[in-house]
Amino acid sequence: MLRRRDLCAHAITRTLFEPTSLPQAFARLGFVQADPIRAPARAQDLILRQRVVGYRAGGLERAYASLGIEEDYVYAYGFVTRSVWQLLHPRAIAARLPALDKKVLALVQVAAAIHPRELDAHLGRKRVVNAWGGYSQATKRALERLHHRGLVRIARRESGVRVYASAPAMVTTESADARLQQLAMAVANVLAPVPESSLQSLTARMRRWMPRAKPAKTQLATLVRDGLLQRDVLDGVPYLWPSDDPEPTDVPRRVRLLAPFDPLVWDRARFEQLWGWPYRFEAYTPVAKRVRGYYALPMLWRDQVIGWANASTATGQLEVDVGFVAGRPKERDFKAELEAEIARLRDFLIVQEPRTLAG
């Protein structure tokens, strides 16, 4: 039977590994979730700054073309290693290509790379309703559909905008079950130790692209039976993690301000069970209903997530407003460690000296 403190240490030390190079961090993670909001930086950059030596905001966008990685949707949208990307395709999508998509694909195939704006001269600027109820260029939505099918890929980004290129033909000799099991292991590698129910739900989501595969529950049972996943229970909740995980090491006495989508905090059910309070991402919550802020960064101190911080560079300086779930820690070294983390955040953002406002 698991102990909560042991599971906390396992979760922290396996994902917050000793910082390394950007290629090595990607190889270890396999997937980094993306988000366009910058408050104070994009999620992918906030995630990588905890795991890459000397990382600076925007570093992934600058290095993307040389890393041999791709953008795609796994359990969320983000950046994946080529090995994971190849497992995602071909996706079983029955619908035929709409006429506009065929025209867009033909233009992409004759260009080395194409910016969405370049399609306007060929196909116009018609707008359509997007998934969020707003409006997007029809050609942009066509590019997104082609990308999801694996017919185009992201060659690079320019000021955050995706630039597209033709993708290689996606073929595989592996069975749907083999692909889905490998994808389940890839997700477990990012999120473990992960509640079994969460991993089953995410595996079922990926199974929509390969309907001939056995159900997600069967896939996870096979991985446990074959010794690839280990299973144990904390307070009645089954957890899974890769069987080759090393033993947890001591958690350092260090403060870390984490991205809202960091692997350590991504699973909100696990978060609440391990740390005893509900963290919610409130960027899309009406201002009057926000409890912790627009883009509150969970604050990890040693092996506990004790509060949050909101960081802003609107004034040209880094301003950090911190809050605590059960009061500010009384340990003498906490203040120094918090200041050190804010200094690291400032260096990552390359802004002026910060001001800290105690919450």
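Above: the structure in question.
Per-chain numbering applies: the sequence of each chain, read as written, is numbered from 1 onward. For a predicted model such as this one, the threshold for reporting local features is a pLDDT of at least 70, and the threshold for listing and counting side-chain atom pairs is 80 or more; totals across whole chains, interfaces and linings nevertheless cover every residue. The basis for every side-chain value is the complete set of non-hydrogen atoms in the structure, without hydrogens or water.

*Asks:* I keep staring at the layout of surface pockets and nothing clicks. Help me out?
*Replies:* One way to see where empty space is left: roll a probe the size of a water molecule over the atoms. One number sums up the size of the second largest pocket: a volume of about 330 Å³. By definition, any uninterrupted DSSP run of H or I lasting at least four residues is a helix, any uninterrupted run of E lasting at least two residues is a strand, and each is numbered from the N terminus. Here the lining of the second largest pocket takes 4 residues from helix H9 (residues 176-191), the largest share from any one element. Residues are sorted three ways: Asp, Glu, Lys and Arg are charged, Ala, Val, Leu, Ile, Met, Phe, Trp, Tyr, Cys and Pro are nonpolar, and all the rest, Gly among them, are polar. Its residues placed into classes, the lining of the second largest pocket shows 10 nonpolar, 5 polar and 4 charged. Two kinds of site are reported from a 1 Å grid over the protein atoms alone, namely cavities, where a 1.4 Å probe fits but cannot get out, and pockets, open sets with protein on both sides within 12 Å along at least five of seven lines, and residues are called lining when an atom falls within 4 Å of a point. Grid points are joined across faces, edges and corners, and a volume is the space filled by probe spheres set on the points.

*Asks:* What is the right way to read the pattern of salt bridges from this model?
*Replies:* Oppositely charged side chains may form a pair once their charged atoms are brought near each other. Salt bridges are defined as contacts in which a side-chain nitrogen from Lys or Arg sits within 4 Å of a carboxyl oxygen from Asp or Glu. Scanning the entire structure with this criterion turns up 25 salt bridges. Two residues, Arg-3 and Asp-6, come together in a salt bridge whose shortest N-O distance is 2.8 Å. To sort residues, take the accessible area from a 1.4 Å probe on protein chains only and compare it with the maximum for the residue type: under 20% means buried, over 50% means exposed, and anything in between is partly exposed. The class for Asp-6 is partly exposed, based on a relative accessible area of 35%. With its nearest N and O atoms 2.9 Å apart, the salt bridge here joins Arg-344 to Glu-341.

*Asks:* Any chance you could explain the pairing of strand S3 (residues 77-81) here in plain terms?
*Replies:* Regular strands place their side chains on alternate faces of the sheet. Within S3, 5 of the 5 residues are buried, which leaves it mostly tucked inside the rest of the structure. In the sheet, strand S1 (residues 31-33) pairs with S3 via 3 bridges, with the strands oriented antiparallel. Counterpart to Gln-33 in the pairing with S3 is Gly-78. The pairing criterion for strands is at least two bridges between them, as found by DSSP. Summarising the sheet, strand S2 (residues 69-73) and S3 pair through 5 bridges and their orientation is antiparallel. Paired with Ile-69 across the strands is Thr-81, a residue of S3. Count of turn residues in the S2/S3 antiparallel hairpin: 3 residues.

*Asks:* I tried to follow the sheet that holds strand S8 (residues 194-195) on my own but got confused; where do I start?
*Replies:* Adjacent strands of a sheet pair through backbone hydrogen bonds, lying either parallel or antiparallel. Pairing in this open sheet of 3 strands is antiparallel, and the strands run S8-S10-S9 from one edge to the other. The open sheet is flanked by S8 and strand S9 (229-234), the only strands paired with a single partner. Inspection of the sheet shows S9 paired to strand S10 (residues 237-242) by 6 bridges, in the antiparallel sense. Looking across to S10, one finds that Gln-230 is bridged to Trp-241. Contacts between helix H12 (residues 268-275) and the sheet are confined to S8, S9 and S10, with S10 contributing the most and set at about 110 degrees to the helix. Note on definitions: a residue-residue contact is assigned when non-hydrogen atoms from the two residues lie within 4.5 Å. Between N-to-C directions, angles cover 0 to 180 degrees, with each direction set by a line fitted to C-alpha atoms, over the stretch in contact for helices.

*Asks:* Explain the packing of helix H1 (residues 4-15) against H12 here, please?
*Replies:* Any two packed helices are characterised by how steeply their axes cross, that is the angle between the axes, and by the distance between the axes. Where H1 meets H12, the closest approach of the two axes is 10 Å, and the angle between their N-to-C directions is 130 degrees. Judged by the inter-axis angle, H1 sits oblique to H12. For H1 against H12, the interelement crossing comes out left-handed. Contacts between H1 and H12 involve Arg-4, Leu-7, Cys-8, Ala-11 and Ile-12 from the first element and Arg-270, Gln-273, Leu-274 and Trp-275 from the second. For the contact of H1 with H12, the class distribution of residues is 6 nonpolar, 1 polar and 2 charged. Angles below 35 degrees are treated as roughly parallel, those above 145 as roughly antiparallel, those between 65 and 115 as roughly perpendicular, and all remaining angles as oblique. Take the far helix as the reference: if the near one is turned anticlockwise from it by less than a right angle, the crossing is left-handed, and if turned clockwise, right-handed.

*Asks:* In this structure, what is going on with helix H13 (residues 332-349)? I would like to understand it.
*Replies:* Residues that lie three or four places apart on an α-helix share one face, since the helix turns once every 3.6 residues. For H13, which comprises 18 residues, the first-to-last C-alpha distance of 27 Å matches the rise-based estimate of 26 Å (1.5 Å per residue) to within 8%. Immediately downstream of H13, the backbone of Ile-350 shows phi near 55 degrees, a positive value. What a helix should span is 1.5 Å times the count of its residues minus one.

*Asks:* Help me understand the packing of helix H6 (residues 99-109) against helix H8 (residues 138-149) in this model?
*Replies:* Packing of H6 against H8 brings their axes to within 9 Å, and their N-to-C directions diverge by 80 degrees. In terms of axis orientation, H6 runs roughly perpendicular to H8. Counted together, Leu-100, Asp-101, Val-104, Leu-105 and Val-108 of H6 and Ala-138, Thr-139, Ala-142, Leu-143, Arg-145 and Leu-146 of H8 form the full contact between these two elements. In terms of residue class, the contact of H6 with H8 is made up of 8 nonpolar, 1 polar and 2 charged.

By themselves, these figures tell us nothing about what the structure is for.
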